[in-house]
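Structural characterization, general
Listed below, chain by chain, are the residues.
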Amino acid sequence: MMLRGKTDNHIICYHTQEFRVEGVIDEPIICISKDAWLGKGYYFWVDEEFAKYWGEDFKMSTGAYDVYSVEVDITDFLNTVFNEKHYFAFKKWIEKASNHFIKKNKTVTLKRLHQFLADNFWDKMGIKGIIYDDMPINVNHKPNRKYSVVIHSEDKRHSFFYYKKRIQLVSFGIDNISNFALHLEEQN
Amino acid sequence: MLDIDKLDKQFDEILSSFSEEKIQQWIDFAEERETMECLFNGESVNISMEKLKPKYVIVSNSDALFEKAGENNYALAA
């Protein structure tokens with residue numbers, strides 16, 4: 001169950017950044033990476049556990065990472081993880097937009113698709129963010145990560161049972177975000 | 001609360017308004033914006049200029065010259 005904030009429409013999420021000697025940041029940093037699954041926006045983890053893993057794997061350039069907590073108003077978010085109707089609408093819209101590019105003989109990239117949706121659809125439709133179930137990964141094959149169970153089969157081959165959702169949330173603007181504060185400092 | 005049924009119709013309406021030409025216009029706009037963002041972020045950007053080709057347009061012809069000269073055709077010999 002997602003941790004609720006001041007109302008049922010507010011959930012508590014986590015934002016991971018490099019530890020900064022000069023001090024903490026006052027607000028989340030917008031992600032503009034072309035590889036961002038849901039395009040340009042403010043990204044958060046719903047579980048503290050995954051916020052820590054993100055720090056360990058990708059936010060260690062200063063030798064440590066910080067985790068910030070935040071409340072997000074998800075009233076106008078597509079919740080593709082727990083809302084069946086939202087999930088099927090999202091799936092259909094991604095496929096329709098992608099196919100529209102293909103039919104018009106235009107190349108589709110992840111970045112182009114999300115920019116197209118952000119520029120022409122989400123704002124007009126009043127959608128302020130998306131809650132999304134990301135792929136489970138363990139890029140550095142770190143042991144003892146509890147979101148997967150290692151299954152040792154009889155033929156000694158290992159496989160992983162990913163039983164936890166790795167939920168991300170993107171907010172396209174900063175208006176839905178409040179109570180941004182340092183939660184865990186200088187982790188490694 | 002999001003009304004998904006209403007949004008679904010709205011999505012289709014917006015998408016169907018994107019003809020091939022309109023999509024290309026958006027792609028051109030998005031690419032230019034991306035380049036400008038790279039510039040503002042301090043990334044190096046290659047700037048290429050299209051080579052200018054001379055274009056010749058006839059602004060006067062011999063008939064017009066004769067008209068100007070009137071009967072004094074010798075004026076054209078100068």
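Please read all numbers here as calculations on a predicted model, not as lab measurements.

What counts and what doesn't
- Residues numbered from 1 in each chain as written.
- Chains lettered and ligands numbered in written order.
- Predicted model: local features only at pLDDT ≥ 70, side-chain atom pairs only at ≥ 80, totals over all residues.
- Heavy atoms only, no water.
- Helix = DSSP H or I, 4+ residues; strand = E, 2+ residues; numbered from the N terminus.
- Buried < 20%, exposed > 50% of the residue type's maximum accessible area, 1.4 Å probe, protein only.
- Contact = heavy atoms within 4.5 Å.
- Buried area = accessible area lost by both parts, 1.4 Å probe.
- Salt bridge = Lys/Arg side-chain N within 4 Å of Asp/Glu carboxyl O.
- Pairing = 2+ DSSP bridges.
- Phe/Tyr/Trp six-rings, centres within 6.5 Å; stacked < 30°, edge-to-face > 60°.
- Lys NZ or Arg CZ within 6 Å of the ring centre and 35° of its normal.

Our next topic: the side chain of Glu 18 of chain A. All names here are of chain A. Secondary-structure assignment places Glu 18 in strand β1 (residues 10–18). With relative accessibility at 16%, the residue Glu 18 sits in the buried group. If near-sequence neighbours (up to four positions away) are discounted, Glu 18 is found in contact with Phe 58, Lys 59, Ser 61, Thr 62, Ala 64, Tyr 65 and Asp 66.

Each partner contributes residues to the interface: chain A has 29 residues there, and chain B has 25 residues. The contact between chain A and chain B buries some 2,500 Å² in all, and 62% of this surface belongs to carbon and sulfur atoms. Across the chain A-chain B interface, the total number found is seven salt bridges. Residues Lys 40 of chain A and Glu 37 of chain B are paired through a salt bridge, measuring 3.8 Å at the closest nitrogen-oxygen approach. Elements represented by at least two residues in the side of chain A that touches chain B include exactly β4 (77–79), α2 (84–103) and α3 (110–125) of chain A.

Another point: the pairing of strand β2 (residues 42–45) of chain A. All names here are of chain A. Covered by surrounding structure in β2 are Tyr 42 and Phe 44 together with Tyr 43 and Trp 45, the residues of both alternating faces. For β2 and strand β8 (residues 166–171), the ladder comprises four bridges, and the chain directions are antiparallel. Within the sheet, the bridge partner assigned to Phe 44 lies in β8 and is Leu 169.

Here the distance between the centres and the angle between the planes together describe a pair of aromatic rings. Going through the model one piece at a time under the given rule, you end up with 15 aromatic pairs over all chains. For the pair Phe 101 of chain A and Trp 26 of chain B, a centre-to-centre distance of 6.4 Å together with 75° between the ring planes defines the contact as edge-to-face. You can see Phe 101 of chain A sitting in helix α2 and its partner Trp 26 of chain B sitting in helix α2 (residues 20–40), one on each of two chains. Assigned by exposure class, Phe 101 of chain A and Trp 26 of chain B land together as buried. On the basis of an interplanar angle of 35° and a centroid distance of 4.6 Å, the ring pair of Phe 121 of chain A and Phe 11 of chain B is categorised as tilted. With Phe 121 of chain A in helix α3 and Phe 11 of chain B in helix α1 (residues 4–16), the pair connects residues from two separate chains. Note on Phe 121 of chain A: relative accessible area 0%, which makes it buried. Members of the aromatic cluster, joined through ring pairs, are Trp 93, Phe 101, Phe 116, Phe 121, Trp 122 and Phe 172 of chain A together with Phe 11, Phe 18 and Trp 26 of chain B. In this structure, Lys 22 of chain B is placed above the aromatic ring of Phe 18 of chain B, and the distance from its NZ or CZ to the ring centre is 4.4 Å.

Note on placement: Met 1 of chain B falls in the segment before α1. On the accessibility criterion, Met 1 of chain B (85% relative accessible area) is exposed. For the pair formed by Met 1 of chain B and Phe 18 of chain B, sequence separation is 17 residues and the distance between their alpha carbons is 27 Å. The residues touching Met 1 of chain B, leaving out its near neighbours within four places in the chain, are Thr 75 and Asp 76 of chain A.

Residue and element names in this part refer to chain A. All chains considered together, the criterion is met by 14 salt bridges over all chains. In this structure, the salt-bridge partner of Glu 48 is Lys 52, at a minimum N-O distance of 3.7 Å. Remark: Lys 52 and Glu 48 occur in helix α1 (residues 48–58); sequence separation between them is four residues, near one turn of the helix. Note on Lys 52: relative accessible area 29%, which makes it partly exposed. Put simply, Asp 76 and Lys 128 hold a salt bridge, and the shortest N to O gap is 3.9 Å. Residue Asp 76 is found in the loop between β3 (65–73) and β4, and its partner Lys 128 is found in the loop between α3 and β5 (129–134); the two are separated by 52 residues along the sequence. The exposure class of Asp 76 is partly exposed, given its relative accessible area of 22%.

We now examine α1 of chain A. Every buried residue of α1 of chain A is listed here: Phe 50, Ala 51, Tyr 53, Gly 55 and Asp 57 of chain A. Of the surrounding secondary structure, the elements contacted by the buried residues of α1 of chain A are β1, β2, β3 and β8 of chain A.

Function-wise, these values are silent; they only describe arrangement.
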